There are 2 protein chains.
Amino acid sequence: MSSHRTYADDLFPQEVMDSGTATPPQDYPSSTSSQSSHQHYLESANSRIHVGWVTSPYEAKEELDTAISGHCSRLGEAKYTFVAFPVGGVVRGFWKPVEGAKNEPPAIQLPDVQLANNLWETYVTGRTSPWIDCDSEDPKFAEISEESLITELNYIAYMGLNSMTIQLNRISSPRTAALFNKWVWTRNTRFTMWIQLPSSVEQCLDFDPQSTPKNMDIWTIWANFRQGCYNFSGVYLQAMLRIAGDLPDEFVDTKRVDRWKAEPLGGFVVETDVYATDRNGMASLSSAHISFLRQLWSSDDLRILVDPKTDTFLYNVTLKAEYALALRQAVRDVNYKSSESSTTSLAVSEYKDVLQAPLQPLSENLDSSVYNVFEQDKIKYDAYGDAVMGVLKELGADGRKEIVIYLLGGGRGPISSPNNPTKVNVPRNGPVTIGVYIHGTTILRAEKDYNTKFRQKGDHLKVKLYIVEKNANAIITLRYMNHRTWRRRVTIIESDMRRLPEIARKMNYHQPDLIVSELLGSIGDNELSPECLDGVTDFLKPETISIPQKYISYVAPIMSNHIHQTIRAQSIPYLARGLPSHGRLQPELNGEGAWVQLYPQGDIINNMDQIYVVFLSKYISLSRQTKEMFTFQHPNFQHSTNERSAFIEFPIDRNTDIMGFAGYFDLHLYKNVILSTVPETHTPGMMSWFPALIPLREQLRADDGDTVALKINRKVDQGGVWYEWSAQLKKPNGEIITTPIQNPNGESYYMRM
Amino acid sequence: MSSHRTYADDLFPQEVMDSGTATPPQDYPSSTSSQSSHQHYLESANSRIHVGWVTSPYEAKEELDTAISGHCSRLGEAKYTFVAFPVGGVVRGFWKPVEGAKNEPPAIQLPDVQLANNLWETYVTGRTSPWIDCDSEDPKFAEISEESLITELNYIAYMGLNSMTIQLNRISSPRTAALFNKWVWTRNTRFTMWIQLPSSVEQCLDFDPQSTPKNMDIWTIWANFRQGCYNFSGVYLQAMLRIAGDLPDEFVDTKRVDRWKAEPLGGFVVETDVYATDRNGMASLSSAHISFLRQLWSSDDLRILVDPKTDTFLYNVTLKAEYALALRQAVRDVNYKSSESSTTSLAVSEYKDVLQAPLQPLSENLDSSVYNVFEQDKIKYDAYGDAVMGVLKELGADGRKEIVIYLLGGGRGPISSPNNPTKVNVPRNGPVTIGVYIHGTTILRAEKDYNTKFRQKGDHLKVKLYIVEKNANAIITLRYMNHRTWRRRVTIIESDMRRLPEIARKMNYHQPDLIVSELLGSIGDNELSPECLDGVTDFLKPETISIPQKYISYVAPIMSNHIHQTIRAQSIPYLARGLPSHGRLQPELNGEGAWVQLYPQGDIINNMDQIYVVFLSKYISLSRQTKEMFTFQHPNFQHSTNERSAFIEFPIDRNTDIMGFAGYFDLHLYKNVILSTVPETHTPGMMSWFPALIPLREQLRADDGDTVALKINRKVDQGGVWYEWSAQLKKPNGEIITTPIQNPNGESYYMRM
């Protein structure tokens, strides 16, 4: 547990041991030494959960400004691990502007040299002066406020603090946001900014029962401020929720609370009037408050500040410690992790919210880690085995002696081929090879199982297996596998499957009874399975069966400021500037002799107009249900077009920012053998596919009662396939907002055939 | 020592213990257990130093292709830690093209599934077929070679190897380079490519005693190839030097050997005919070979390949092991490090070749680490103390009672001010404050020392000290220091020093006898010390002394492919795209509400046209001497211009690529109290300044006998100061090559006043 200890432990002696009555978490080991283990757990929680104290006018004397160290130590005794202190010192911090008079705020008086750098960083959060109001209706005072705020931000940077906090007291704070917008984007002083939101809309200085919109809420206040800061990184700009005695509805209604899971939440400010007294006479929280805190306690990295609203704590010596204790008791087991974790989920957790796309350095390593996991996806291969078995049973029922099966390509065959330089994210030893030969083995095992169960000795059904593979490298592996494992039973055909009819005619190969393929991307058709399989149709018999028979893609709108920022923030490092994009254009050799990929549409549009594969984590779905998008069936004897068009509507039940649509699919292998990545029907244990993500260029603000629709087209031309999409927002009053069409003509995302 | 063990140890049992006769390094602890320690050291060296074996036609039978594991194990017994194996398998690798006949190389036959991924990665280097010759005079064969090389590179990527090697057999290989250029820039398969160079120019297929230039050398062959690959990252594209029995002159002449310290060197290929037999009958290396290897053995990350030139090793069972042993004995103590290292040098070593410049994420942390080191630069503050003492002695000799001293600004005062948004790399608690108050204390300590030594009690000399500081944040610290440490003796003036004459007149301040400042950058004047000090001239008395009295900048041409690449490769992350550049332009608010810095000159020109501060490491100086650039003297009573112009010539004594010029300065504080960063006269122990770097846009190829000159102007206008520079190369035949003028009009690097 010592790794859970923080620097705070060194400064702040925690002499008052916690003899709290909290129940340890369920997964907590109850060993023989449970007494000391329990104590150990509580100690660890105390240092893990950071509770800070807001220095208030009740206790603040001028001398504190040069005695920060003692102030911290006393707070440490009450088990606070940091303090929010007026960054201009006490006199300036608690100055009261005089109405009408010439307002000249006191100068900053908080000497930095009284504490070493690292102590300031660890223990002190700079609180800007509460009287600052850049959005004041008094233009003179607004100007003084702006100057004062910049002075204080400068001083925070100068002192090298790691964090600061400011309190918003208005519904609308455009000037404050504009000031922060300029600061965060044009200064490279990086400290975390905790933006404290009002505890309720009605508390706001500019609240007006007449003019304030009925569905205005705290989330909207935050979202407007964040947007005013051009959605700056959530690592530095975070919301802090202020909790008062009365919780507003939006902090009780689960689906509205959930929105904070999709926002950069820094923590909470708890006003002391939320505390009641329990039967032991200790400060305690109501169950509604506890429940709210627990619902959003996603990580022990969150911070809680206690903001005293009365001076009671000055007279009741244990009260301060009780405030902190009650908060730790509320949240300390939410993220308590036992030391053991499954290796598999650990491997996957590395990919939380990581964009899998070319030109993204993180994605380059996918092959060596995630694909190693995927190769062990027994669930998927078992399902393929079951499906083949099902076909053998059905066809073999007439007593035939032979069934001809063609295994068509690896999952990424058409795309991973080295002859196609546009897809640079080639998994090295990924599904291409492994997939093919595991499927090969799966098919031959199904043959054996079928004969064992359903045939007499001497009356065996023989599978004649062909494997078609385009990847010249994979062919070397397949030949070796055929020699070593399959006893040369398999006919290996090095070719694009779309040339199979021609080759098979020339070579007199048998027509298939069954074709098996796994050419599926995260929304099914996006690795061009329809186009590839259509290429063999002319070689099929009218009764040829395809595994899979069908796949359907599904979508749902999602909210995630984090993923929106992550997509925008992708940049192209110098060493990657010659790598092919996903769009139509190819890299060019410039006059200097350098290979360079050009992006006439601009980097940001290029980033936003891609479909990504993401293990979604910091997001919420905005629909209780996913809805169907495109369906494909095989064999496609009629040569029906593979172009598609869909318009999929979702009602919106809370104020929100829609960042895009998550994509899933289900895969009907044969009859009732189905694999699914759709949340509602996800195949347990299967991990071969992460969700797809169809982003919008800008987050789309929607209000409770609106309807959002995804308009998406799948287009096909000679060279490849691409999607074009946009969103449409319908207001209850009939007003319609349409976003720009993304990826027009496949300029940013084009899947070459 | 177990941390020195590598994966190789697990695969390759090292049963044959090394009882070698090598002397352990001098710093090796000779304890009581020296016998076993020695053994331990040797074992560790064996696993630290990677020696690999080149599989040759002498031993290669076709069966090897499917028995790589056994091959590796046998090599492991002879203490090889990796193997260079034909990536197409033995048959293809050792195929001999038939002259004139239809050349159809054998197919690739090296199955990947025989070894786990990580074993391929760790133990096997893919060697391309030696018969491949893309630059063959036979156009048909050149074409076959290109196809074959691409096929083999594809297969290396598919297998997931970590490294490959190809041998260059020509002086000029433009087609091979063009093929690699396209591969490295447009494929994101990242494996290390070891380009083996010819063992001598005369060995090359295209060597011609008549037409080959007399000063052609192996370095030039490499530099041309690297340039043909547009200087791709040295992490992936590395030179491997082939060592045969006769060492060419350039591998003996130290100054020519040194060039490889400025290149991405991957290691060596040692042909077995370099070995002689020592008096014990063991294979051994000549002292010339050992000396060459040791001179370039910069790190144990280098690799050595042993390339058998005869089949003797097939009959002499211990010979293979002796080859490896002799190599390890040669180099194993060069980089042997004892476990203790000084903390100071460790802290500095983190900054090796790190560009200190805005928009460079690494540089953002400089404040918290390097500046912490700088603050402890006792040498510098002692020298300032000595200089002040010198002045007190001289002026105090007349028995006067008072001396008026003005301490003018922190080192970065005019630039680090928060009112000046252009310099974003503000050290948080760096030299600004600390510098000022340490200097303040230094001055008052000098007063005390002077009085103790030279004055009677009651006849003390009193220093009247004024400190002028522009930084509003630093003023808060200074006031606190004045209160706490200086007993309110100091008059603190919050102002830009250029307004001092005006303020002093108004306030009736005394005129200074001495002004003290430390406003110096890595080449002296580049933090605008001349402009700042000129601003107080009108307030001085004719006899006022300035500390410093004078500073001179110095330059020398340098070679460093690594630093050239590093400067080019800087990119601007999304979160930094609103940060001010160093140029004249300021960030702008675009139509979307985002702050963005525009670079009309392009990112690369912007990167190359900056002056950087770099702790130079992977570089060599191309001149035995640095030469003077600019001189400034203070006080500048004549108000002489601070514009400067210099043309500084250096003879070049070897073929080389000039990447730019390193800059230094010396600082004449008072009389003989001098501080210097110039290599020849560097003040021992002083660490406040790293060298400056004045880069060229492109590396400039110069030949032995050429002369290079730096043309540089210091220009001044209303708003600031900038340098413009270019290089001029003069050939012995009088031909002159001039590079473009960099940073015209300060568009990329402009120091605002």
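All values derive from a computational prediction rather than experimental measurement. (Residues numbered from 1 in each chain as written. Chains lettered and ligands numbered in written order. Predicted model: local features only at pLDDT ≥ 70, side-chain atom pairs only at ≥ 80, totals over all residues. Heavy atoms only, no water.)

Caption draft 1: How the structure looks around the overall build of chain A. Summing up its helical and strand segments, chain A has 22 helices and 29 strands in all. Going through the 753 residues of chain A one by one, you find that 61% of them count as buried. Restricting to contacts in chain A with at least 6 residues of sequence separation, those with at least 24 account for 79%. Working note: accessible area of chain A is about 30,100 Å², and carbon and sulfur atoms make up 50% of it. (Helix = DSSP H or I, 4+ residues; strand = E, 2+ residues; numbered from the N terminus. Buried < 20%, exposed > 50% of the residue type's maximum accessible area, 1.4 Å probe, protein only. Contact = heavy atoms within 4.5 Å. Areas by Shrake-Rupley, 256 points an atom, 1.4 Å probe, with all protein chains shown as cover.)

Caption draft 2: Highlighting helix H7 (residues 174–186) of chain A. Counted at 1.5 Å a residue, the expected span for H7(A) with its 13 residues is 18 Å, and the 18 Å between its end C-alpha atoms agrees. Buried within H7(A) are the following residues: Thr176(A), Ala177(A), Leu179(A), Phe180(A), Asn181(A), Trp183(A), Val184(A), Trp185(A) and Thr186(A). (Expected span 1.5 Å × (residues − 1).)

Caption draft 3: Inspection of the pairing of strand E7 (residues 265–271) of chain A at higher detail. Residues and elements named next belong to chain A. For E7, a buried count of seven out of seven residues is recorded, marking the element as mostly surrounded by other parts of the structure. Here strand E6 (residues 237–243) runs beside E7; their pairing, made up of five bridges, is parallel. Residue Arg-242 lies in a different strand from E7, and its bridge partner there is Val-269. For E7 and strand E10 (residues 303–307), the ladder comprises five bridges, and the chain directions are parallel. Residue pairing across strands places Phe-268 opposite Ile-304, the latter belonging to E10. (Pairing = 2+ DSSP bridges.)

Caption draft 4: The arrangement of the UniProt feature "active site" (unreviewed entry) in chain A in detail. Residues and elements named next belong to chain A. According to UniProt, the feature "active site" (unreviewed entry) maps to Glu-518 and Glu-527 in the numbering used here. Its location among the elements puts Glu-518 in the loop between strand E14 (514–516) and helix H20 (529–534). A polar contact is formed between the side chain of Glu-518 and the side chain of Lys-380, at a distance of 2.5 Å. Tracing the backbone shows Glu-527 in the loop between E14 and H20. (UniProt positions renumbered as here; feature names shortened; annotations may be inferred. Polar contact = N/O pair within 3.5 Å; in protein donor to acceptor, adjacent residues only side chain to side chain.)

Caption draft 5: Quick peek at helix H12 (residues 319–331) of chain B. All names here are of chain B. Between its first and last C-alpha, H12 extends 19 Å over 13 residues, near the 18 Å set by a 1.5 Å rise per residue. Burial analysis of H12 places 11 of its 13 residues in the buried class, which makes it a mostly covered element. Taken as a whole, H12 has its buried residues at Leu-319, Lys-320, Glu-322, Tyr-323, Ala-324, Leu-325, Ala-326, Leu-327, Arg-328, Ala-330 and Val-331.

Caption draft 6: Highlighting the sheet that holds strand E15 (residues 545–547) of chain A. Residues and elements named next belong to chain A. If you walk across this open sheet you meet the five strands as E13-E12-E11-E14-E15, and the pairing is parallel. Of all strands in the sheet, those bounded by a partner on one side alone are strand E13 (491–494) and E15. Looking at each pair of strands side by side, their axes are set apart by 20° on average, direction ignored. Here strand E11 (residues 402–408) pairs with E14 via three bridges, running parallel. Bridge pairing in E14 places Tyr-406 opposite Ile-515. (Axes fitted to C-alpha atoms, helices over the stretch in contact; angles between N-to-C directions.)

Caption draft 7: Quick look at a nonpolar patch on the surface. On the surface, a nonpolar cluster with roughly 340 Å² of combined accessible area is contributed by Tyr58(A), Leu314(A) and Tyr315(A). In this structure, Tyr58(A) sits in the loop between strand E1 (50–54) and helix H3 (68–77). (Patch = residues over 30% accessible without salt bridge, like charges linked within 9 Å, V, L, I, M, F, W, Y side chains within 5 Å. Salt bridge = Lys/Arg side-chain N within 4 Å of Asp/Glu carboxyl O.)

Caption draft 8: Local environment of the nonpolar core. Of all hydrophobic cores here, the largest spans 168 residues; its most connected members are Trp260(B) and Phe268(B). For Trp260(B), the residues in contact, after removing those within four places along its chain, are Leu197(B), Ile218(B), Trp219(B), Trp222(B), Ala239(B), Leu241(B), Phe251(B), Leu265(B) and Leu296(B). Core analysis: the next-biggest nonpolar cluster, separate from the first, contains 167 residues, Phe141(A), Met389(A), Ala446(A) and Leu622(A) among them. (Core = buried A, V, L, I, M, F, W, Y, C linked by side-chain atoms within 4.5 Å.)

Caption draft 9: Structural detail: the interface of chain B and chain A. Contacts between the two partners involve 62 residues from chain B, matched on the other side by 63 residues from chain A. Between chain B and chain A, a total of about 5,800 Å² is buried, with carbon and sulfur atoms accounting for 54% of that surface. Where chain B packs against chain A, one counts 12 residue pairs in polar contact (both at pLDDT 80 or more). With six residues, the top contributor of residues to the side of chain B that touches chain A is helix H18 (residues 472–484) of chain B. (Buried area = accessible area lost by both parts, 1.4 Å probe.)

Caption draft 10: The relation of the copies chain B and chain A, seen in detail. Superposing chain B onto chain A takes a rotation of 180° combined with a translation of 0.0 Å along the rotation axis, leaving an RMSD of 0.1 Å. Look at the turn and shift together and you get a two-fold axis relating the two. In this assembly, 100% of the residues forming the interface of chain B have copies in chain A that are likewise at the interface, indicating an isologous arrangement. (Least-squares fit on C-alpha atoms with pLDDT ≥ 70 in both.)

Caption draft 11: Fine view of the side chain of Thr125(A). Within the secondary structure, Thr125(A) sits in strand E3 (residues 124–127). When residues no more than four places from it in sequence are discounted, the contact partners of Thr125(A) are Phe82(A), Val83(A), Ala84(A), Phe85(A), Ser163(A), Met164(A), Thr165(A) and Trp194(A).

Caption draft 12: Spotlight on the UniProt feature "domain: PRMT5 arginine-N-methyltransferase" (unreviewed entry) in chain A. UniProt records the feature "domain: PRMT5 arginine-N-methyltransferase" (unreviewed entry) for residues 347–416 and 461–547 of chain A in the present numbering. The span residues 461–547 of chain A is 31% helical and 21% strand by assignment, and the distance between its end C-alpha atoms comes to 19 Å.

Caption draft 13: View of the sheet that holds strand E13 (residues 491–494) of chain B. Residue and element names in this part refer to chain B. Spatial ordering of the open sheet is given by E13-E12-E11-E14-E15, a layout of five strands whose pairing is parallel. Strand pairing shows two members of the sheet lacking a second neighbour, E13 and strand E15 (545–547), which therefore form its edges. Recorded for the sheet is a direction-independent mean angle of 20° between the axes of neighbouring strands. Of the strand pairs in this sheet, strand E11 (residues 402–408) and strand E12 (residues 462–469) are connected by seven bridges, and their pairing is parallel. Following the sheet pairing, Leu-408 is matched in E12 by Val-468.

Caption draft 14: Spotlight on the pattern of salt bridges. Residues and elements named next belong to chain B. Across all of its chains, the model carries 80 salt bridges over all chains by this definition. Measuring nitrogen to oxygen at the nearest pair gives 3.1 Å for the salt bridge that ties Arg-170 to Glu-137. Note that Arg-170 is positioned in the loop between strand E4 (163–167) and helix H7 (174–186) and Glu-137 in the loop between strand E3 (124–127) and helix H6 (139–159), a separation of 33 residues in sequence. On the basis of relative accessible area, Arg-170 is assigned to the buried category, the value being 5%. For Glu-137, a relative accessible area of 62% puts it in the exposed group.

Caption draft 15: Region of interest: the confidence of the model for chain A. Residue and element names in this part refer to chain A. Looking at chain A, the pLDDT average stands at 86 and 87% of residues meet or exceed 70. Across residues 338–346, where pLDDT falls below 50, the model places four contacts with residues more than four positions away in sequence or in other chains. Predicted confidence is poor over residues 358–371, with pLDDT under 50, and the contacts of this stretch with residues over four places away or in other chains come to 33 contacts. Reported confidence for the predicted complex is 0.87 by ipTM and 0.89 by pTM. (pLDDT = per-residue confidence, 0-100.)

Caption draft 16: Looking closely at the pairing of strand E25 (residues 692–702) of chain A. All names here are of chain A. E25 sits mainly inside the fold: nine of its 11 residues count as buried. In this structure, strand E19 (residues 612–613) lies alongside E25, joined through two bridges in antiparallel fashion. Note that in E25 the partner of Val-613 across the bridge is Ala-692. Note: strand E23 (residues 656–670) against E25, seven bridges, orientation antiparallel. From the neighbouring strand, Ala-662 faces E25, where its bridge partner is Leu-693.

Caption draft 17: The arrangement of the packing of helix H18 (residues 472–484) of chain A against H6(B) in detail. Interhelical geometry of H18(A) versus H6(B) gives an angle of 65° and a closest axis separation of 9 Å. Read as a crossing pair, H18(A) and H6(B) show a hand that is right-handed. Between H18(A), through Asn473(A), Ala474(A), Ile476(A) and Thr477(A), and H6(B), the contact on the second element is made entirely by Asn154(B), Tyr155(B) and Tyr158(B). Here the contact of H18(A) with H6(B) is built from residues that sort into four nonpolar, three polar and no charged. (Left-handed = near helix turned anticlockwise from the far one by under 90°. Nonpolar A, V, L, I, M, F, W, Y, C, P; charged D, E, K, R; others polar.)

Caption draft 18: Structural detail: the environment of Val673(B). Residues and elements named next belong to chain B. Position of Val-673 among the secondary structure elements: in strand E24 (residues 673–676). Sequence separation between Val-673 and Ile-547 is 126 residues, and the spatial gap between their C-alpha atoms is 10.0 Å. Ignoring anything within four residues of it in the chain, the contact list for Val-673 reads Ala-383, Asp-386, Ala-387, Leu-667 and His-668.

Caption draft 19: Representation of unusual backbone geometry within the structure. Residue and element names in this part refer to chain A. Along the chain, Ile-547 connects to Pro-548 via a cis peptide bond; the corresponding omega equals 5°. As for its placement among the helices and strands, Pro-548 is situated in the loop between E15 and strand E16 (550–559). In the segment running from His-634 into Pro-635, the intervening peptide bond is cis, with an omega of -10°. By the element assignment, Pro-635 lies in the loop between strand E21 (627–633) and strand E22 (644–651). Here Leu-528, not a glycine, exhibits a phi torsion of approximately 70°, which is positive. Position of Leu-528 among the secondary structure elements: in the loop between E14 and H20. Overall, the relative accessible area of 1% leaves Leu-528 in the buried class. The backbone of Asn-745 sits at a positive phi, close to 60°, despite the residue not being glycine.

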